[in-house]
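# Structure assessment
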Amino acid sequence: MFLQQLINGIVIGSVYALTAMGATLVYGIMRILDINNAGAYALGAYVGLLTYNTTGSLLLTFIVGMLLTGLYGVLVQKLLYVPMLDKSPNVSLIASIGLFIFLSDLIRMVAGPSIKGFHAEVPFSSIYTDSLNINGAWILIIVTTFLLLAVLWFLLNKTKIGLAWKATAQDLETAKAMGVNVNMMVALNYLLGYGFAAAAGIMVGILYSSVFPTMGDVPAYKMLAIIVLGGLGSPVGTVIAAMVIGLAETLIGGYIGFFLPRDAIAFVVLIIILLFRPRGLISKN
Amino acid sequence: MLKLDGINVFYDQSQALYDVSLQVEQGEFVSIIGANGAGKTTIMKTVMGLIKPAQGRIFFEGKDIIKRPSWDRAGMRIGYIPEGRRVFPDLSVEDNLLMGAYHSKNNVEIAKTMKEVYDVFTRLGERKNQLAKTMSGGEQQMLAIGRALMTKPKLLLIDEISMGLMPLLVNKAFSVIKEMNNQGITILMVEQNAKKALAVADRGCVLEMGQIVHQDLAENLQDNDSIRKAYLGG
Ligand SMILES: Nc1ncnc2c1ncn2[C@@H]1O[C@H](COP(=O)(O)OP(=O)(O)OP(=O)(O)O)[C@@H](O)[C@H]1O
Ligand SMILES: [Mg+2]
């Protein structure tokens, strides 16, 4: 029972980590909150579904879904967010909320308001024992998340681009003067961040065998809780926070039961942790 | 090597630089002196491309670079020691140095330059894995200088290198940059410590309220009565 809940929590935490990572990367460099990152989650799921239905290949589903959604991210940062950078951060926050609503309505108009089935064959078989019940889609989620986060970790910690990313996050102006093309850093941020959110959307679509236009709504506000909890702008903090929230939801929900809806648990955890660590789980100073 | 031509800079409505023109020749050491708020840092940032002037042009090695972003200017080997050090606080000393050489793809040259930096500032070598923010103010200034050395600059911009340093370190800093100049690096420096700034420079400019009011050989400025009164303590 405990192991079951634990695995369940890690699966949910993985999805949250991938969804929130883009917002964390963007905050890290631009100091703005991008709610539309959760729009990328829904968009990615739809693009993924379309790709899967036309090609039948799960690999292509991920590649096309992540790539197109990532390019959409590059586009909106160029057209929308970068021109707003010299305004107050609230301006881009509100713009991102607007864009998020616009995107989910656009999806509704193009793909229709009803739930669409996403029945994908997963390359992992489910494991059923007396005490344990592990869905193949769960394994897909854990493995994919691990791979994507490993790639990100490598990029940030072992490459010159990663060094430049960290320098830019710490002092954008000086990084520029040292030769870092910060426009490219920001574009890369969006390519990766929206791509990761797309992967999360695709996997949740597969897990629940369905996608719908407003599927990004709940991730949008949970993502906020997670990036705040993770210390705003810290990729490692985001993964930890996502796991904490994922585990809290399953463990509290599974064992104690809860008088509030499950989706509220994230915020109860957020409030409690911020009471003790006002700067989040991982804080710079 | 560097030429500013009619530079006007505004912050919102207020004007910070008025029609600033100046020229720095290859191999020269030029100091700009001026009081707080005169616009010294603004000149440096404008040359580095961190501030866009409303009017005026900037030539580097004969090329108009006014439209080039900062990172291109760094790639043309314009080095920069910013006001207040601005080392990357959560990067190690070594990573900070590597950022100075960010534009270079020549790893052999980078390693060689890094060794030179560690030879000049042994302290940095001893602490290469330490986070920059845990270094003392003086060590951070050494790091900022070392980072600029890593750029292998043709032109080095220096903004108040003496700020917050004890006299011994001020002398060390000045002797290091004088040595760089002797090795052929062109230097444009702004300083409040006018005495020291003019002592090491070939030429000096006096900046008042965003305008260059004097330009002359450094020794002439040192002998000029009104400048002595205003900037050199009589
Ligand atoms: N970001 C800014 N926004 C608005 N005004 C600014 C800004 N930066 C500088 N200024 C103004 O421009 C003028 C010149 O500032 P600058 O920093 O270039 O002076 P400085 O000569 O470097 O002074 P200091 O010796 O104190 O470093 C000052 O009046 C300052 O208040
Ligand atoms: Mg200044």
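Here the structure is a predicted model, which is why all the values come from computation and not from measurement.

## Topic: the packing of helix α3 (residues 93-100) of chain B against helix α6 (residues 137-150) of chain B
Residue and element names in this part refer to chain B. At a closest axis distance of 6 Å, the pairing of α3 and α6 adopts a crossing angle of 40 degrees. Relative to α6, the element α3 is oriented oblique. Handedness of the α3/α6 crossing: right-handed. Every residue of α6 that contacts α3 at V93, N96, L97 and G100 is listed here: L143, G146, R147 and M150.

## Let's talk about the coordination of the magnesium ion (ligand 2)
Each pair of donors in an ideal four-coordinate tetrahedral metal site encloses 109.5 degrees, whereas pairs in an ideal six-coordinate octahedral site enclose 90 or 180 degrees. Donor atoms from the polypeptide that coordinate the magnesium ion (ligand 2) comprise T41 of chain B (OG1) and E83 of chain B (OE), at 1.9 to 2.3 Å from the metal. Here the residue T41 of chain B occupies a position in helix α1 (residues 40-48), and E83 of chain B occupies one in the loop between β6 (78-81) and α3, the gap between them amounting to 42 residues.

## Some thoughts on the pattern of salt bridges
Side chains that carry opposite charge are capable of pairing whenever their charged atoms lie near each other. Using the criterion set out here, one finds 18 salt bridges over all chains in the structure. For D86 of chain A, the salt bridge is made with K87 of chain A, and the minimal N-O distance between the two is 3.9 Å. Using a relative accessible area of 66% as the deciding quantity, one classes D86 of chain A as exposed. Using a relative accessible area of 48% as the deciding quantity, one classes K87 of chain A as partly exposed. Two residues, E126 of chain B and R123 of chain B, come together in a salt bridge whose shortest N-O distance is 3.7 Å. Residue E126 of chain B and its partner R123 of chain B are both found in helix α5 (residues 122-126); the two are separated by three residues, about one turn of the helix. When salt bridges that share partners are traced, they join D171 and E173 of chain A together with K45 and R86 of chain B into one network.

Reading guide: rules and limits
Residues numbered from 1 in each chain as written. Chains lettered and ligands numbered in written order. Predicted model: local features only at pLDDT ≥ 70, side-chain atom pairs only at ≥ 80, totals over all residues. Heavy atoms only, no water. Axes fitted to C-alpha atoms, helices over the stretch in contact; angles between N-to-C directions. Helix = DSSP H or I, 4+ residues; strand = E, 2+ residues; numbered from the N terminus. Parallel < 35°, antiparallel > 145°, perpendicular 65-115°, else oblique. Left-handed = near helix turned anticlockwise from the far one by under 90°. Contact = heavy atoms within 4.5 Å. Donors = N, O, S within 2.8 Å, 3.2 Å for Na, K, Ca; no water. Salt bridge = Lys/Arg side-chain N within 4 Å of Asp/Glu carboxyl O. Buried < 20%, exposed > 50% of the residue type's maximum accessible area, 1.4 Å probe, protein only.

Spatial relationships are all this shows, so hold off on functional conclusions.
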